[in-house]
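# Understanding the architecture of this molecule
For reference, the chains in residue letters:
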Amino acid sequence: MQLVIASGKGGVGKSTVTASLLYLLKDEYRFVAVDADADAPNLDLLLGVERWEEERELVGAKVARINTESCIRCGICQERCPYDCIKVIDGDYVVSELTCEGCNVCGLVCPVPGTISLDEVRSGVVRKTTTRYGFPLISAQLDVGRPNSGKLVTEEKEWAKKLMGELGLKHMVVDSAAGIGCQVIASIGGADLTILVAEPTPASLSDVQRAYKVVQHFRQPAYLIINKADFNPGFTALREWAEAEGIPILGEIPYDRAIPRSMSMLKPFVEAFPDSKAADAMREIAERIREEILK
Amino acid sequence: MQIAVSGGKGGTGKSTIAINLAIALREHYDLVLADLDVEAPNDHLLLGVELANEEPVELFMPRFDYQKCTRCRKCAEVCEEHAIITMRDGTPFLMPNLCSGCAACEIVCPVPGAILPGKKLMGHTYLTETPYGFPLVTGRLLEGEERAMPIVSRAKKRAQGLEKELLMVDTAAGTSNTVSKALEDSRLIIAVTEPTPLGIHDGELILRLAKLMEVPAMVVVNRSDLGDVAKVREIAEKYGAEVIAEIPYSENIIRSYVEGKPIVLTDYPEAGLFREIASRVVEFLGGGE
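Residues numbered from 1 in each chain as written. Chains lettered and ligands numbered in written order. Predicted model: local features only at pLDDT ≥ 70, side-chain atom pairs only at ≥ 80, totals over all residues. Heavy atoms only, no water.

Chain B has the name Cobalamin biosynthesis protein CobQ in an unreviewed UniProt entry, where Thermococcus radiotolerans is given as its organism.

For chain A, an unreviewed UniProt entry supplies the name ATPase and the organism Thermococcus radiotolerans.

So this is what it looks like as structure tokens:
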């Protein structure tokens, strides 16, 4: 079974919840964890990963380059670039590598053959390790300024599937990126269900509603975990929304200083502070996941 | 003139800092705030306004006139996104989700009119008046669409079009090329980070991007009592950035957020912190009133 943890909004505790959930399920289930937030991967930090056993460079991203020797400075490339990535610097037309999407429109419209080339560049790395808890983790790191491509996530999931076959693992748990863009779509696409994590604030509600639309697009069941549940007592709209949509609420985790403290210790909070209120809530959630989802 | 508020990790308080800083800077500049976190735009919620003046962002999407198409496959060959597949006889089909709207296919098509300019709605931009004396421009990607870049680019243009003295940009988290697009042309980046290992890890990435883009950066440490600020200083120094403010974890900030009243306008002591950040920015940029 492939399950995804998503939130829409960053910083609501998706990765901390994921790390603790993995910790609670590790003895009973055989799974591979995937950190699909290639732009800002953090699950490895929360699981105390210190080294990677295997790293693969991911090439295939492309950026345009203009040869200033043969460039006749006609400006057609700049005019036609769909994303305004071409600037004039000291009289030379230059492609900004940090914003280029690699579509090659500049190369196609350039009247001087050979002046604009489309060069392959590295987009990042995909990495694998075995955590100290025994289960494998696949993670990726996008290089700074590269397109935030779902291809990296697809690559991670392929590797995870291969590991499942090799090691006889039953489940894949994907910690998705924040937002609703291509990495999130690549995470949710092909999964069996999504667990949404949200906090009771208008911003988190707005973002989780958007993430839920992506889940619906793939016709998957969704569940909700409410984090920092007591942090905004007057705000009932999150719960009401979930009830109106028929999204089962797996549980509520109270705001607990044990969580940020555990993050500084680089440990799942259920491991670092097993007696905390948050850990109690998390164990109940894990129990429901065992009974209702993983069965 | 443009400045940006950015931060590697999501949820560090970028938007909170952006809106409070915008309110504080309003006393010095005629400004516009642009929310370019198009996958999860929240500045309007924090400012307590409803998005207004919606404009669609539509992308070119090829439509094939199969009467005219010669099945030469050039469109499929040129598509970097592999969004056009061809049947055995060369008949092209589009997979709309993969299409980036770059129009390369139309450029190479040898038969005039065989590729028609269809359109696809990718999202919207908004221009909303706020009760705080500056307008807010917001970009919002449509759910189910993958490409944030066109929305970021269009929202930024809309904000630039207002020709204000100061354009303040609030970016998405991370360091992908949509963040670089938002940061582009900034005179200063305010990098918001937390002093936790995760915050520091991601904060370093944004400082690296700022360095690559040759934009000076200042660091604001949010929830500064939840970790080791000395480590943030160390990283900041490595990239030639200065830590200009430390904002401790504060119930008052949460309370003001919940009440929909920006903290900088309250009597809470934290308001002073934001005014100080603003004066550091004014000092750096010069000008203003």
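Picking up after the structure, the text goes on.
Another point: the packing of aromatic side chains. Residues and elements named next belong to chain A. Taken as a whole and judged by the stated rule, the model has eight aromatic pairs over all chains. An angle of 40° between the planes, with centres 4.9 Å apart, marks the rings of F31 and F135 as tilted. A residue pair is termed long-range when its members are at least 10 positions apart, and F31 in strand β2 (residues 31-36) and F135 in the loop between β6 (116-130) and β7 (136-142) qualify at 104 residues. Taking the relative accessible area as the measure of exposure, F135 reaches 5% and is therefore buried. Judged by centre distance (6.3 Å) and plane angle (15°), the ring pair of Y133 and F135 falls under stacked. Among the aromatic residues, ring-to-ring pairing joins Y23, F31, Y133 and F135 into one connected group. Over the aromatic face of Y23 sits the side chain of K26, whose NZ or CZ is 4.4 Å from the ring centroid. (Phe/Tyr/Trp six-rings, centres within 6.5 Å; stacked < 30°, edge-to-face > 60°. Helix = DSSP H or I, 4+ residues; strand = E, 2+ residues; numbered from the N terminus. Buried < 20%, exposed > 50% of the residue type's maximum accessible area, 1.4 Å probe, protein only. Lys NZ or Arg CZ within 6 Å of the ring centre and 35° of its normal.)

Once that is clear, we can look at the pairing of strand β9 (residues 193-198) of chain A. Residues and elements named next belong to chain A. Taking burial as the measure, the six residues of β9 include six buried ones, the bulk of the element. Here β9 shows two buried faces, one formed by L193, I195 and V197 and the other by T194, L196 and A198. The sheet contact formed by β9 and strand β10 (residues 222-226) spans five bridges and is parallel. The residue bridging T194 from the neighbouring strand is A222, located in β10. Each parallel crossover has a hand, and the one from β9 via helix α7 (residues 202-217) to β10 is right-handed. (Pairing = 2+ DSSP bridges. Right-handed = clockwise from strand over helix to strand, strands pointing away.)

A few words on the sheet that holds strand β1 (residues 2-7) of chain B. All names here are of chain B. Taking strand neighbours across the sheet as the criterion, the nine strands line up as β3-β6-β7-β2-β8-β1-β9-β10-β11 in an open arrangement whose pairing is mixed. Each of the sheet's edge strands pairs with one partner strand only, and the pair in question is β3 (55-64) and β11 (242-247). Across the sheet, the axes of successive neighbouring strands diverge by a mean angle of 20°, strand direction being ignored. Bridge analysis of strand β9 (residues 188-193) against strand β10 (residues 217-222) gives five bridges, and the strand direction is parallel. Bridging from a neighbouring strand, T193 pairs with V221 of β10. The sheet contacts of helix α10 (residues 270-285) involve β1, β8 (166-173), β9, β10 and β11, and relative to β11 the element is tilted by about 160°. (Axes fitted to C-alpha atoms, helices over the stretch in contact; angles between N-to-C directions. Contact = heavy atoms within 4.5 Å.)

Counted by the stated rule, this structure contains 34 salt bridges over all chains. A:K162 is the salt-bridge partner of A:E166, the closest N and O atoms lying 3.5 Å from each other. Here A:E166 and its partner A:K162 are both found in helix α5 (residues 150-167), four residues apart, which amounts to about one turn of the helix. In this structure, B:R223 and B:E194 form a salt bridge, with 2.2 Å as the shortest nitrogen-oxygen distance. Remark: B:E194 occurs in the loop between β9 and α7 (197-212) and B:R223 occurs in the loop between β10 and α8 (229-238); sequence separation between them is 29 residues. The class for B:E194 is buried, based on a relative accessible area of 7%. The network of salt bridges with common partners includes A:E28, A:E287 and A:R290. (Salt bridge = Lys/Arg side-chain N within 4 Å of Asp/Glu carboxyl O.)

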